[in-house]
Structures are given as structure tokens and as C-alpha cells.
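Here's the letter readout for the chains.
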Amino acid sequence: MDPIQEYILQQTRRQFLGRATRGIGSMALASLLNPALLSAASAATAPDRWNGLFNPTHFQPKAKRIIYLYMSGGPSHLETFDYKPELRRLDGEPMPESFTKGEQIAQLQGAELRCLGSQLEFAKYGKSGQEISSVFPHISSTIADDMCIIRSMQTEQINHDPAHTFMNSGTAISGRPSMGSWLLYGLGSECENLPGFVVLTSQVGRSPQPLSSRQWHSGFLPSKFQGVKFHSSGDPIHYLSSPAGVTMDRQRDVVETVQALNGIHNDSVDDAEIATRISQYEMAFRMQTSVPDLIDIRDEPQHVRDLYGTEGPDGSFAFNCLLARRMAERGVRFIQLYHRDWDHHNDLKNFISEAAGTVDKATAALVTDLKQRGMLDDTLIIWGGEFGRTPMVQGDKGGPGRDHHIKGFSLWMAGGGVKGGITHGATDDLGYNAVENVVTIHDFHATLLHQMGIDHKKLTYRFQGRDFRLTDVSGNVVRDILA
Amino acid sequence: MNSVFRLSRLLTVGAALFAVSIPALAGGTEALPDRIEFNKHIRPVLSNNCFLCHGPDKNKRKAGLRLDIRSEAVSEREGVRAVIPGDSTASELVKRITHADVDERMPPLASERKVTPFQIELLKKWIDQGAKYEPHWAYIKPVVAPMPKVKNESWVRNPVDGYILVNLEAQGLQPSPEADRVTLIRRLSFDLAGLPPTPAEVDGFVNDSAPDAYERVVDRLLASPHFGERMAIYWLDLVRYADTVGYHGDQLRGMSPYRDYVINAFNANMPFDQFTREQLAGDLIEDATLEQKLATGYNRLNMVTREGGAQDKDYLVRYAADRIRTTATVWLGSSLACAQCHDHKFDPFTTRDFYRFGAFFADIEEKGVQTNGTNEEPFPPLINFPTDEETARLARYDEDIKRSKVVLSIEAATRIGNRKGDHDKLARERKVFEENFLSSAITVPAEPRTMRVLPRGNWMDESGEIVTPAIPEFLGGMWMRGDRPTRLDLAAWLTDPDNPLTARVFMNRLWRMYFGTGISRTLDDVGSQGEWPRHPDLLDYLAVDFVDSGWDIKHAVKLLVTSSAYRQTSKPVSSLKELDPFNRLVARQSRFRLDAEVIRDNALKVSGLLVPAIGGRSVRPYQPALYYKELNFPIREYEVDKGENLYRRGVYTHWQRTYLQPSLLAFDAPSREECTAERVVSNTPQQALTLLNDPIYVEASRVFAERILREGGESVAAKIDWAYREAYSRKPLLSEGALLIELYGKHLREFSGDPEAAKAFIDIGENPAPDDMDPVLLASWSSVSRTLFNTHEMIYRY
């Protein structure tokens, strides 16, 4: 006997007699049985979406989204964007003590400190004449005039782990929200079918520095603001695929039945959280299709794939850049791409060429592609690491390298209402201290938030009796770089 | 009328007029109380708006004015008095907060702070009533207020109810009716054991007409070994227990015996003062037992590093600050952490207090940066913690080695035979065997390091005063035992009956476990910025009772869960939903989502997969491959456990701080890098994906389906009924049954036509599907049970 018929016979004949039980969706069936469910279901279709703390924002936003190309490990400013002829002149000479006395030092503690001139050549590029080293042929030849290079960054943390934490959350203490979480909290998400804060990672070369998920954690903010890491193999998001043997149709049957049961349950408990649960299941189910669609780049024309230099999900930085553009198009708010290959304590010339070689073409492609699509204006691109490198030499395995350095380093931005073709700030003659227009991490954060329309002093969350901010108790918007 | 226009005009007319117009603007939303109480009404306003510049921090104080102390607030400086008791109009404070000129008005525009019109009226009335100050409530020793008189005396089962009911009656409210028995036993089981009741337990209680039926359920659950596990989940959040170090390479560290110590302590109902003493200072107790030494793992739970280039001194300072933050939050509910770089802005903690508190821990043997050996080396000092079996085996090794030594000495004497190789091999084996013992980081006391006040928290600055251990000055002097107070003294002070904070903080958190929200909502801060407790007399009663009971935790739990307040239904009547949406009045029970670990435990228990063993090595459940890809030093692959360890309770999950097990993370379990006094609760699509697709939930559904087929009776309807009783302790409604039948029927037809899919589906998980079951049937029932495992009801406590 058909099990449904059997059940009906056993239970009651009242409602079911003569009713065709096939070809009717569970939702509709449940609605018939229980009119109250209709209201629960319609409540659920009004998406349970966080539209941000500030709606409208404090200022007219210049950028709607951020793509942050995070060069993990600490790229040397002296081999990339900060040319120091004087340092080259002093190559091999003792580092003047006036620079280093009483300063914090990482691996070079106790060592004899000598100058190391830039290992690479610099030239001027673009109409603006941006000074860039030879490791970035694509970047320098195609997007120099879009870039705003900041040469006066300073951070407070000299070891990788706390330095990442400081760069991402404005403090070295764990448990605080990362900047993407703050942004989602302040602005909400623009997309229904994807998370608003996505993290992608790539790596090449030698054993790279570890990277903690703390860097995209929501800390004391609700965990819906947490960054969602996309994986380059297996499920792109944890538990995205239905179990083996369960087709999308069967998955839909289960989800719809869950929704209907939740609706019925709501009658007896009257719990507003159930409507949210229902909408989260809907979004989860939609993500099961939208995420595979997102990472399937077969719909990208060949010239676009060539531009980035990727043919598909290969875990490369290039693929991640293309994915970032596709996410930007779909409304993802904050996209962070970590590339873990920039910790060059020795053999700097080789290793930095390798690292730069992996990101150069795709970075230029991303900016160019966004520009061609008219999206660069409201997409802020950031390129940079957690700190810079010492003007002093370190290591000899395979050639000289540089140690961690926090008192002056470079970072660049493009699009999103930031002036292109400029440099801002400067380090001293040896590239040690940022001396002109110093930009602290708090200033940097304040500027990002400002471009997204948020007054960084107003973006607060009370925890342990204190109103916390991404910018802690300082931070000034770097107005000079704003278009 | 155009109120915006009116407001702006009034602002230009002047402060006096502005002030006069306020009751109209306030719109009667909140009536001014007759009697203004400083702690309840005034301190929150002053603390939040004024103390930043006119509070305890002497370095940031503006105009020399201090408003947190009455004598300072009322005194005259440069011809002006901020507060003139009895005369609000003449008081400078009122003039300034109502000043027409924005440049003169307080708080300054740039501070992003604002005193509301209602708060201005409060301040004025308070000054007119004499501007009386009270010490902050949490810093005064709690005393029991007279038991309040209530009308509905029959509702009062114990003092908890009296204190709740008096507030309800004052508001003209009635408590909600008692929940039905099924809801009650489910509530108790989840709250006390973190597990659902079995159908037999439910039936037993529902059919038990004895007057003490409820109390016997409570007693049974309090005596259950799972009580300790449930309590431990929370305690481990507070003390930030994890299996890895947190910084950089996030390497393993032996810690799980400490976790078991916590579970055992709760199960044995160890008094909280002893629990405190053993964790903070077990190593200093005379003739300390192994358990007491394990307890001191508490002092070693902070994040540590072995990152190259990190400096010892730098990190020792970080660890010290970490311990101060944690200890102050766990026991005192205080944000002493804020005083690391400057005096506290809201509470009277000084920077000196911060470092003196830290000095209690200056005798802990540790390194700032671990540089020994390889990345796999442990972080000493450690204590080995062999199982009984391992101890016996080790003894056998020692016997063998002794014998072997005798043989060697005979050989040496007689110059006959050469068994030295055998002996060395044996010795090596013993060493390897011992190295694999479970170990736990412990506290070993050493010569105290010099502790200084660090100006602005800067570890490179050695100009600060050298300090010795002491408790925060305003909380009273520390009596001295010997020259230098120890961690034992600290523990004694924390649990001294005169300590105003510890018992309140603990009971407030216990209340949160059983009622959903703290009596003061801020579980991590009962200081000036913390929330005024909604039922202060109740909190004080609970605190005093807890101390008087000899810090008896099970007694305290029982007091709460046997109250009438606890037994109310959680379903709000519609008026309550509007009047008290967050259920602060407790005119009903609260409903809340189960904790991450308990969501897992519940599914495993219902399915029959749960392995309920207590304690042991941390376990490694299923986890997506390559989840640790971003880790290094060493590079590691996650090795999924085999067999029983796959089905242990969530509390035993290997806790990797930088990459927490994804299912736990999805349901808001914290990374435990820092003290967590309250988990955030979110409702996200990741949670749906986890319950739908994480192999453990798919496997649990299938194993549950096996039981449905085997034990659920003959008919489809009987099976559905059976499944409902197992999963939700109730019968399905007709409509619910119909939905599941329809799903079952559809999938039965589909899997019949696609048996390969059925086989693939039931093959998920390490536990094999039985050979004697039709894969198609099993798969179809798995769809049903999977549905049951995904409902809101499955992960909620009502």
C-alpha cells in the first residue's frame, strides 16, 4: 500500500479523503493543513537581512565594496614601491645607530646591523611617473596611473601573528572583530545568496607563515558578521554539497519539509526566531546553487581568462582575483585575498621575484577588468601586507634578506574614490622611519570606513562596558588621498 | 506639529526654556521616578557620558573635575560648583549639559556621547533631592533584603520566587502557568546534563504523581556524570581552555587532563572556594595532590608562542596581561584589563592596581618564547597523566629494567654474555612509552620575576615603579601572609565572604544558564558600565545564600531550577511580548538555542550513536579535509579519529584555537583565545548547511533511521510516532505526520528507481549500515530522520 494512504487510513479519514497527494508541494500541503503556516512562510520570504547599523550612512559612500589583496608575510617596501638611492650607497656599511637605538627588533636582535641596498631596479611609470620596481611589469605598465601608493605606513606589531591581528582588527589582542566584520555590521550585505564577507587564500613557494582564522573572525560581534572562507578544493564553503545520493530535488524536499514543520511548530511556541530560521534555510539552499555558479568560470570569455591567467579553480591567486571580481559583481561587501609568500628573511631577490611574479599579472588584470566594467569607481582595491622589511641585511642562505620592520612600509590602493597616480607620505633616506604624512593602521582603517560612508568614531559596539571601535581611540581619515 | 522645528528653535532660545520643554518632548514614554536612586538612575548616565574626562583616570581628567566622587563633585573650583545639592538650576553640571551653545555643551559633540532629555530630568531631580551618592552596588558587600510580601503566596516555592513575584505584582502582572511535564523534563535535561531525556525518563516523569516527582528528576540529573560536562562547557569558555597555543603556529599543548579536572570537580560538587583555590594556587597547597596540580593548568591556559623573532620579555608581558584580564573577568566580573595603559575610565582601578594584580602570577615558571627543540615539542612545565593501565605497564617496564640491570651486573661480574643491547632497547621503549602519556601543563612556582608598572603598557619602558602582589586598592587592603602575598592569598580573598563580587558574578552567570539572560545582562562587567541588575535583591540573596551554603554549586543550581519561576512556560502571552520582549521580569521562562556542543550531543544521543564516556584525550570528529591548510610550523593534516572517539560529546572535541572545528564554530562556539562570559547566538545559513550536510549529522540521521526501522513498530505511522517520541519527546500532530509521510513516500519511490543513490547516501560515516536492511528503505527513512534533525525544535530548549 502507498504509505501515505496507509497513514491516512490509520490516523483519520477526515481531511484527506479524495485528496490527491501527489504533485502538491509540501509547503502547499502544510498550508492546507495549517493556515497559520502561510503567515510564517510569508514572514520568511521577507528576507531576514541585516541592512546595517547605518542606513543611510554618515557620508555619501565612494566605495560600495572592498577587495583587499593581502600580501601575507610582509613585502619589502624597499624592493617594491619605495626606492632609496642613499641606502644603496651605504650598502654593506653599518646601519647608523641613530636609527636603530632603542628600537624594537625581531630576528636581528643582537646581530650586527648593516645596510642593504635595494636588490632591484626602479623606474618611473605611467603619466604620473610612479616609481615602482622591476618586479611588477604588469602593474607598472598598466595600472600605475590608477594607484595611490602610500609610503608612510606604520604598524605597532613586529611578529607575524600579532601584526596580522593588528592590521585586521586594530589591536593585537585576540577576540576583537576584524575589519570585514565591522563593515558588515555597519553596512549590511548587498547580496542574498552569498556571504557578505569572503576570504580566499593562495600560496606558492617555500613553507609560508601560518595564517589564523582570527584574521576574519567576528570577535565579540555576532557571528553572522564572520568572514566566510572559500576553499580551493573540496566544498568551496564547508558543508555546501548535499550528501552523496541526495540530488538537489531531494535536498529541496527535505528543506521544504523542515520549513513546513518549523511553521507548524511556531503555532505552539510562538517564537520569532523561527521565521529567521526559515529564511536562513532558504538562503542556505540558494547558496547550494549560487556558490557553484560563482566559482564556475566557464562563462568567462577566453580573453578574460587570459587577462588574469587562469583556466579554473586551481587555488591560484589569479583564480582568486577573477573570483573576487565575480563576487564584487554579485554584491559581496568585503573580499579579502590572502597570498602567503612574502616573508623574505633570506635570498630576497629570488623569493620576492617569485612572489611578485605570482600576483603581478592578476592584480593588474583585476584593476583593469573592474575599470573596463565601470566598477573601479565604487570598488576600493587595497594591496599590502602586515608590515615592511628592515633596511638592514639579514640572512645569507642563498643571498641576503631583510627582517620584519614596522616603522615605515608601503601599501597601495586604487579605485573607490581614492586619487590615482599619486604617492602619499615618505620614509627617511634609508627607508627606516616614515617621516612625512605618517599613516597609522588606525588612520588606514578610518579612511577605509570613510570611503564606505562610515564615520569611524560612530561605528561602535559595547563589550565589557566599553564602546569598542575598529580604530580604538585614534585614527584620522587620510584626506589628501581622496579624489 | 513640527517637533523638529520646535526643538531647534528652543535650542536657540536657551537652556532654561529647552529644559522646561522636555517633559513634553519625552512624550510620557517613561515617567520620572519619585525617588531618584544614584546607582540605578544616575551612575549609568554619569559613567557613560562624563567619567571618560571627569572620572577615575587622573591623567585624562579635564578641568580637574571629578564626578564619580561626591566631595569632588560638590566642591567649588574657580568659583563654580558642578553640583549644588538641592539646587539643580545653579549647578554647573546642569547648565553645561543643557547649554545652548554647542561649544559649551557637555558632553562635547566630538565625544559622540549624548545625554537624553529624560536623563537630564533625572539628573536635575537627583540634584534637587540632595545629590546623594552611593558606592557602586557591586562593590558593596551583598546583604539579604527582607523577604518581600506578595499577594500570590502559593506561587512562592522558594525565595527566588518571592523576589521575582514582588516585581511582577508591582507591575500588575501574573506569572505564567507551569510548563507541561514534557517541556519541563526536556528543559531540565538540557539545562543540567546537556542531553535530551530518554522516552522512558519522559514517561516516568509524566506518570509520576508523587509530590516530589519534579525534585527527584532534578536530583537524578544533578547526580548524573553529565552534569559536570554541561557545567564544564561554560567554565571552559571562561578560562579559555583549548588544546592548542593560539599564536602563530598554533601548536598542540597538553591540556585535556585539566578539562577532566573541571568536569570531575563539578560532578563531585567541589565547593567553589576550593575550586578557585586549586586552580589559582593548587601548587602552593601543602602536599598538593595530583588533581590539585592539574587544576593549576588554569594559570597556563593563556595563548603562547614559539614564533621566530618574538622576544621573551615582550611575550611575558602579554601573558601577564592575558592572565589579569581573564582572572579579573572570571572571578570579579571586572574589566581591570582597561587599566593596562591608563587608569580605568569608569571604575576606580588604577594602572598600579593592574600590575600589582599581575604580580600574583609573577612566580609562574614559564618562558616568553618557547625555543626548545622542534615545533612538536611541548610547552613545559608539564605533568604526565597516565591511565591506570599505562601506570601498570610502566611499572612492568621498571620491573623488567630492574631485572635486566641485575642480569647486566651478573654479566659484568662473570664476563659471560652480552645483553646490553637488549637492556638499552628496553630503556628506549620505556622512554617512548612514557612520552606518549597524556600530559597537562601545570603551574610550578619559581622565584618571582620583577614586575613593573609599564607606562602606556610599553614592555620596553623600564622606568615604571616595581610592584608586589596586591588586590585593587579600592577593594580594601590585602592582609599579608609572610612578606609577599601569594596566589593562595589571592584565592582566599576572592572567596572571602566579604568579597562583594565573586559570588554575585558567579550567581549572575548561573542565572543566565537557566533563565537565558543574566539578572544583570552584562555577564562580563558588573562595574560602573555594567547593567544595573534587574532584580538586585534577588541577586544579593543568591550571592549570600551561595556563600552561606559553603559555595555549594549543586545547592545553588537546585535552588534556581526548583523555583516556580523556572517552571513557567516559555510561551509568552501576547501582552508580555510587547511589555517585556527580553523577559527581564521573568514573568515566563525564556527559550534559547542549545549550545554548539549540545546540538551535536543531542543528535548523537537521539540517533543512538553517542558514546557517553567521561573524560580522556581530546577527540577528533569529522572535519573537512585541508581545513588546516593555512597552518604551519608544523604543517599538519587533521587525522580524523576512528571508532568510538567519533561519537563522543562535543565538550571533548579537539579545540584548535585558530581553526575551531567548523560545526562548533558555525553554532557560535568561541575560539577560546580570550575569556568568553557569554557566547553570542546567531542564526545563519552556515548552521543550516551544517545540520543538512555535515557527515556526522547525515550519519546520525541514518543510524536513527536504522533504529526507526528496527524498533519503531510495524506501520509507517507507528514509525513516525516512535521517531517523534525519541527526537522530541512527544507525539506528532496529524499535519506533521502527513508531511513526513509524504516525504517518505516520495523518496521511497525515488530511491527505488535509483538504488545506487540510496546506497551512496547510507554509506556516509564510519559506522557501516547493516547488511540486513534494504538500502532503499533505510535511505528513505534517513530522509525522514534527517528532516527531524534539522528543525528548530531539535536545536532549541523551551
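Residues numbered from 1 in each chain as written. Chains lettered and ligands numbered in written order. Predicted model: local features only at pLDDT ≥ 70, side-chain atom pairs only at ≥ 80, totals over all residues.

Caption draft 1: Structural detail: the overall build of chain A. Each helix and strand counted, chain A has 14 helices and 17 strands in total. For chain A, the residues scored as buried account for 58% of the 483 residues in total. The contacts of chain A with a sequence gap of at least 6 include a subset with a gap of at least 24, amounting to 76%. (Helix = DSSP H or I, 4+ residues; strand = E, 2+ residues; numbered from the N terminus. Buried ≥ 20, exposed ≤ 12 C-beta atoms within 10 Å, placed from the backbone. Contact = placed C-beta atoms within 7 Å.)

Caption draft 2: Summary view of the interface of chain A and chain B. Counting residues at the interface gives 77 residues for chain A and 86 residues for chain B. Elements that contribute at least two residues to the side of chain A that touches chain B include exactly helix H1 (3-11), helix H2 (26-33), helix H7 (160-169), helix H9 (248-269) and helix H10 (272-295) of chain A. If you tally residues by element for the side of chain A that touches chain B, the top one is H9(A), at 11 residues. Considered class by class, the residues forming the side of chain A that touches chain B number 27 nonpolar, 35 polar and 15 charged. (Nonpolar A, V, L, I, M, F, W, Y, C, P; charged D, E, K, R; others polar.)

Caption draft 3: Representation of the packing of H9(A) against H10(A). Residues and elements named next belong to chain A. Between H9 and H10, whose axes approach to 10 Å, the crossing angle comes to 175 degrees. Viewed along their axes, H9 and H10 adopt a mutual orientation that is roughly antiparallel. On the side of H9, the interface is formed by Met248, Gln251, Arg252, Val255, Val258, Gln259, Asn262, His265 and Asn266, while H10 contributes Ile274, Arg277, Ile278, Tyr281, Phe285 and Gln288. When the residues that make up the contact of H9 with H10 are grouped by side-chain class, the tally is seven nonpolar, six polar and two charged. (Axes fitted to C-alpha atoms, helices over the stretch in contact; angles between N-to-C directions. Parallel < 35°, antiparallel > 145°, perpendicular 65-115°, else oblique.)

Caption draft 4: Fine view of the pairing of strand S2 (residues 122-125) of chain A. Residues and elements named next belong to chain A. Taken together, the four bridges between S2 and strand S3 (residues 130-133) define a ladder with antiparallel strand orientation. Bridge pairing in S3 links Lys124 to Glu131. Here S2 hands over to S3 after four residues, with Gly126 in that stretch at a positive phi of 70 degrees. (Pairing = 2+ DSSP bridges.)

Caption draft 5: Local environment of the environment of B:Arg636. Residues and elements named next belong to chain B. Tracing the chain through its elements places Arg636 in the loop between helix H27 (596-607) and helix H28 (662-666). As a C-alpha pair, Arg636 and Ser564 span 72 residues in sequence and 52 Å in three-dimensional space. Once residues lying within four places of it in the same chain are set aside, the contact partners of Arg636 are Tyr628 and Leu631.

Caption draft 6: Spotlight on unusual backbone geometry. Following A:Asn55, the chain continues into A:Pro56 via a peptide bond in cis, with omega recorded as 10 degrees. Relative to the assigned elements, A:Pro56 resides in the loop between helix H3 (35-45) and strand S1 (65-72). Note that the residue after B:Pro380, namely B:Pro381, is joined by a cis bond; omega there is -5 degrees. A positive phi angle, near 60 degrees, is found at A:Tyr239, a position not held by glycine. Along the chain, A:Tyr239 falls in the loop between strand S6 (228-229) and H9. Given 25 C-beta atoms within a 10 Å radius, A:Tyr239 is considered buried.

Caption draft 7: Focus on the environment of A:Arg65. All names here are of chain A. Mapped onto the elements of the fold, Arg65 is located in strand S1. Since 25 C-beta atoms lie within 10 Å of it, Arg65 is described here as buried. C-alpha of Arg65 to C-alpha of Trp50: the two residues are 15 residues apart in sequence and 16 Å apart in space. Filtering out sequence-adjacent residues up to four positions away, Arg65 remains in contact with Ala328, Val332, Arg333, Phe334 and Thr379.

Caption draft 8: Broad picture of the packing of helix H10 (residues 181-193) of chain B against helix H11 (residues 199-206) of chain B. All names here are of chain B. It is at 9 Å that the axes of H10 and H11 come closest, and there the two elements cross at 130 degrees. Looking at the two axes, H10 sits oblique to H11. Viewed along their axes, H10 and H11 form a crossing whose handedness is right-handed. On H11, the residues that touch Arg181, Val182 and Ile185 of H10 are Glu201, Val202, Phe205 and Val206. By residue class, the composition of the contact of H10 with H11 is five nonpolar, no polar and two charged. (Left-handed = near helix turned anticlockwise from the far one by under 90°.)

Caption draft 9: Main features of the domain arrangement of chain A. All names here are of chain A. Split into domains, chain A comes out as domain 1 (65-233 + 313-481) and domain 2 (239-311). Computed from C-alpha atoms alone, the centre-to-centre distance between domain 1 and domain 2 is 34 Å. If you look at the interface, domain 1 gives 19 residues, while domain 2 gives 14 residues. For the side of domain 1 that touches domain 2, the leading source of residues is helix H12 (residues 317-329), giving seven residues. A breakdown of the residues in the side of domain 1 that touches domain 2 according to their chemical character gives 10 nonpolar, three polar and six charged. (Domains from an automatic or database assignment.)

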